[in-house]
Amino acid sequence: MKNFTFCTTKTIVIEKGGLSRIAEFVTSFNCKRVLVVTDKGVVAAGHYEKLAQHLSAANIKIFDYQDVGPDPSEQMVYSATELGTGNDIDCVVGIGGGSALDVAKAVSVIAKTKIRLDEIFGIEKVAGTRLPLILIPTTAGTGSEVTYSSVITASDGKKKVVISNKLYADVALLDVELTITMPTFVAATTGMDAIVHAIEAYTSVNKKNPISDMLSIEALRLLIGNVEKAVSKGDHWEAKSKMLLGAMLAGQAFSNASVSSIHGFAYPLGEMFHLSHGLTNALMLSPILKFNASAAAKEYGAIGKNLFEEVSGDSDEKATALFIKKIDQIIASLNLNKNLRDFGVKDQNVEELAKAAFSQERLNLNNPRKIGLEDALAIYQNAF
Ligand SMILES: NC(=O)c1ccc[n+]([C@@H]2O[C@H](COP(=O)([O-])OP(=O)(O)OC[C@H]3O[C@@H](n4cnc5c(N)ncnc54)[C@H](O)[C@@H]3O)[C@@H](O)[C@H]2O)c1
Ligand SMILES: [Fe+2]
């Protein structure tokens with residue numbers, strides 16, 4: 001058997017209404033002055049106010065940075081850090097989708113080490129320690145609450161990633177009540193992001209391992225079985241709970257196994273057209289599954305056989321075909337069966353997109369089928 005190392009977040013709390021326990025976690029680190037990192041949508045949904053009330057009731061001083069935006073920028077990280085260090089904070093709490101959680105992660109490092117982002121973009125470049133970090137997801141999507149990465153848009157407009165085991169939070173607090181207020185489009189697209197995480201972790205060429213495999217299959221069972229219910233019925237607690245759990249398991253899986261070319265092809269769309277991360281993954285998912293199908297029949301077939309009884313005894317090819325068909329059905333039922341041109345992409349953009357996706361080496365290396373520049377062009381043309 002291949003050697004491998006598996007890392008994850010030390011404490012994961014899954015509790016409906018668990019937000020009320022926030023002060024208990026903050027005080028467990030002897031902290032008294034907290035920076036809360038969030039965004040305006042989460043504030044409007046009422047979640048920030050509840051969090052602040054629980055902290056205040058325990059005499060914990062709060063400073064809040066509410067200006068995180070989609071595809072958060074370096075400047076957001078620095079502004080939040082300045083607010084925190086200027087007020088002598090001793091703990092960072094992130095509450096929100098992946099954007100807020102990624103900023104919180106970077107702030108927890110920079111507030112302590114005074115390091116600059118361009119010194120830590122890349123793999124394991126974070127030296128020193130960070131402030132205690134508690135992450136509370138409000139989307140069932142990125143899994144950022146249990147991953148070792150923080151995705152930040154650098155000043156050159158490129159999405160860059162800080163990857164470090166030091167970014168595993170001290171506590172991930174999953175409270176399904178927070179996800180109930182997600183707008184339908186956010187629920188659908190973040191759900192698709194989670195599905196892509198689990199698929200890509202399961203097919204990752206170099207870094208998949210028995211634990212990430214197990215997590216990916218269970219994540220897919222939860223996500224594929226519940227995404228339509230969770231999105232169509234906003235207050236379907238059981239489906240929403242399973243989505244939140246599934247997204248977290250997928251996060252644990254891909255944080256160890258890596259994602260691959262679906263993300264590699266989604267990133268340039270996000271950078272050039274400012275489309276949300278989940279949407280870009282949903283748009284690229286089916287074209288890349290079809291491109292990979294022959295090379296990944298063993299893995300896609302295993303997913304199909306594990307999830308769908310009707311093909312459990314069939315060939316890998318048949319199980320692969322059914323798996324891809326089910327994914328297409330889900331995308332259609334979530335109203336995400338769209339083309340790139342529906343989102344402002346023009347014919348003449350395809351070449352630039354293909355070059356950008358082709359250069360995502362870290363991700364393409366883990367794709368089950370090798371991708372050449374011509375392939376990249378054809379994949380975007382299929383999605384166009
Ligand atoms: N670090 C990681 O492991 C990782 C993994 C995948 C994606 N990402 C990054 O995460 C970001 C995307 O995160 P996201 O998809 O969760 O979206 P997001 O955090 O950008 O949030 C999207 C929108 O939904 C709103 N929202 C979120 N939760 C809500 C709720 N419960 N009620 C009402 N409104 C709510 C937000 O206010 C925002 O307007 C991207 O920058 C992506 O690159 C990070
Ligand atoms: Fe993702």
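Residues numbered from 1 in each chain as written. Chains lettered and ligands numbered in written order. Predicted model: local features only at pLDDT ≥ 70, side-chain atom pairs only at ≥ 80, totals over all residues. Heavy atoms only, no water.

**Some words on the coordination of the iron ion (ligand 2)**
Item 1. Those protein atoms acting as donors to the iron ion (ligand 2) are Asp193 (OD), His197 (NE2), His263 (NE2) and His277 (NE2), and they sit at 2.1 to 2.2 Å.
Item 2. One can describe the site at the iron ion (ligand 2) as irregular: its four donor atoms subtend angles covering 85 to 163 degrees at the metal.
Item 3. Taken in chain order, the donor set of the iron ion (ligand 2) reads D-x3-H-x65-H-x13-H. Taken together, the positions of His263 in helix H10 (residues 261–273) and His277 in helix H11 (residues 277–292) put the pair 14 residues apart, joining distant regions of the chain.
Item 4. On the accessibility criterion, His277 (21% relative accessible area) is partly exposed. (Donors = N, O, S within 2.8 Å, 3.2 Å for Na, K, Ca; no water. Tetrahedral: all angles 85-135°; square planar, octahedral: opposite > 155°, others 65-115°. Helix = DSSP H or I, 4+ residues; strand = E, 2+ residues; numbered from the N terminus. Buried < 20%, exposed > 50% of the residue type's maximum accessible area, 1.4 Å probe, protein only.)

**Describing the side chain of Ser204**
Item 1. When you line up the elements, Ser204 lands in the loop between helix H7 (184–203) and helix H8 (210–232).
Item 2. Within polar-contact distance, the side chain of Ser204 engages the side chain of Asn366 at 3.3 Å. (Polar contact = N/O pair within 3.5 Å; in protein donor to acceptor, adjacent residues only side chain to side chain.)

**Focus on helix H5 (residues 98–113)**
Item 1. Here H5 is 16 residues long and its end C-alpha atoms lie 23 Å apart, about the 22 Å a rise of 1.5 Å per residue gives.
Item 2. Most of H5 sits inside the fold, with 13 of its 16 residues counted as buried.
Item 3. Residue Lys114 follows H5 closely and has a positive phi angle near 65 degrees. (Expected span 1.5 Å × (residues − 1).)

**Observations regarding the sheet that holds strand E7 (residues 149–153)**
Item 1. The mixed open sheet is built from three strands, whose spatial order is E5-E8-E7. Edge strands, defined here as strands with exactly one partner in the open sheet, are strand E5 (122–123) and E7.
Item 2. By the bridge criterion, two bridges tie E5 to strand E8 (residues 159–163) in an arrangement that is parallel. Bridge assignment links Gly122 to a residue of E8, and that residue is Val162. (Pairing = 2+ DSSP bridges.)

**With respect to the site of ligand 1**
Item 1. Close contacts around ligand 1 come from 30 residues, with Asp39, Gly98, Ser99, Thr147 and Thr181 the closest.
Item 2. At 2.6 Å from an oxygen atom of ligand 1 is found a side-chain nitrogen or oxygen belonging to Ser99.
Item 3. Within the contact set of ligand 1, a nitrogen atom lies 2.8 Å away from a side-chain nitrogen or oxygen of Thr138.
Item 4. Protein contacts shield 88% of the accessible area of ligand 1, which totals 870 Å² for the unbound molecule.
Item 5. Elements that contribute at least two residues to the shell around ligand 1 include exactly helix H2 (40–44), H5, E7 and H7.
Item 6. Per-class residue counts for the shell around ligand 1 are nine nonpolar, 15 polar and six charged. (Near = heavy atom within 4 Å. Areas by Shrake-Rupley, 256 points an atom, 1.4 Å probe, with all protein chains shown as cover. Nonpolar A, V, L, I, M, F, W, Y, C, P; charged D, E, K, R; others polar.)

**Remarks on the pattern of salt bridges**
Item 1. Scanning the model with the defined rule gives 14 salt bridges in all.
Item 2. Of the charged contacts in the structure, one is a salt bridge between Asp67 and Lys40, with a shortest N-O distance of 2.4 Å. Highlighted residues: Asp67 in strand E3 (residues 61–68) and Lys40 in helix H2, separated in sequence by 27 residues.
Item 3. We note a salt bridge from Arg130 to Asp170, for which the minimum N-O separation is 2.8 Å. Taken as a pair, Arg130 in the loop between E5 and strand E6 (133–137) and Asp170 in the loop between E8 and strand E9 (171–174) lie far apart in primary sequence, 40 residues in all. (Salt bridge = Lys/Arg side-chain N within 4 Å of Asp/Glu carboxyl O.)

**Observations concerning empty space enclosed by the protein**
Item 1. Applying the stated criterion to the full structure yields one cavity of 30 Å³ or more.
Item 2. Taken as a whole, the largest cavity holds about 50 Å³ of empty space.
Item 3. Lining of the largest cavity is provided by Ala140, Met182, Ala187, Thr190, Ala230, Val231, Lys240 and Met243.
Item 4. Going through the elements one at a time, H7, H8 and helix H9 (237–257) are the ones with two or more residues in the lining of the largest cavity.
Item 5. Looking at side-chain class alone, the lining of the largest cavity contains six nonpolar, one polar and one charged residues. (1 Å grid on protein atoms, 1.4 Å probe; cavity = no way out; pocket = protein on both sides within 12 Å on 5 of 7 lines; lining within 4 Å. Points joined across faces, edges and corners; volume = space filled by probe spheres on them.)

**Quick notes on the layout of surface pockets**
Item 1. Roughly 460 Å³ of internal volume is contained in the second largest pocket.
Item 2. Taken together, 21 residues make up the lining of the second largest pocket; nearest its centre are Lys158, Lys159, Lys160, Glu271 and Gln360.
Item 3. Its residues assigned to classes, the lining of the second largest pocket comprises nine nonpolar, four polar and eight charged.

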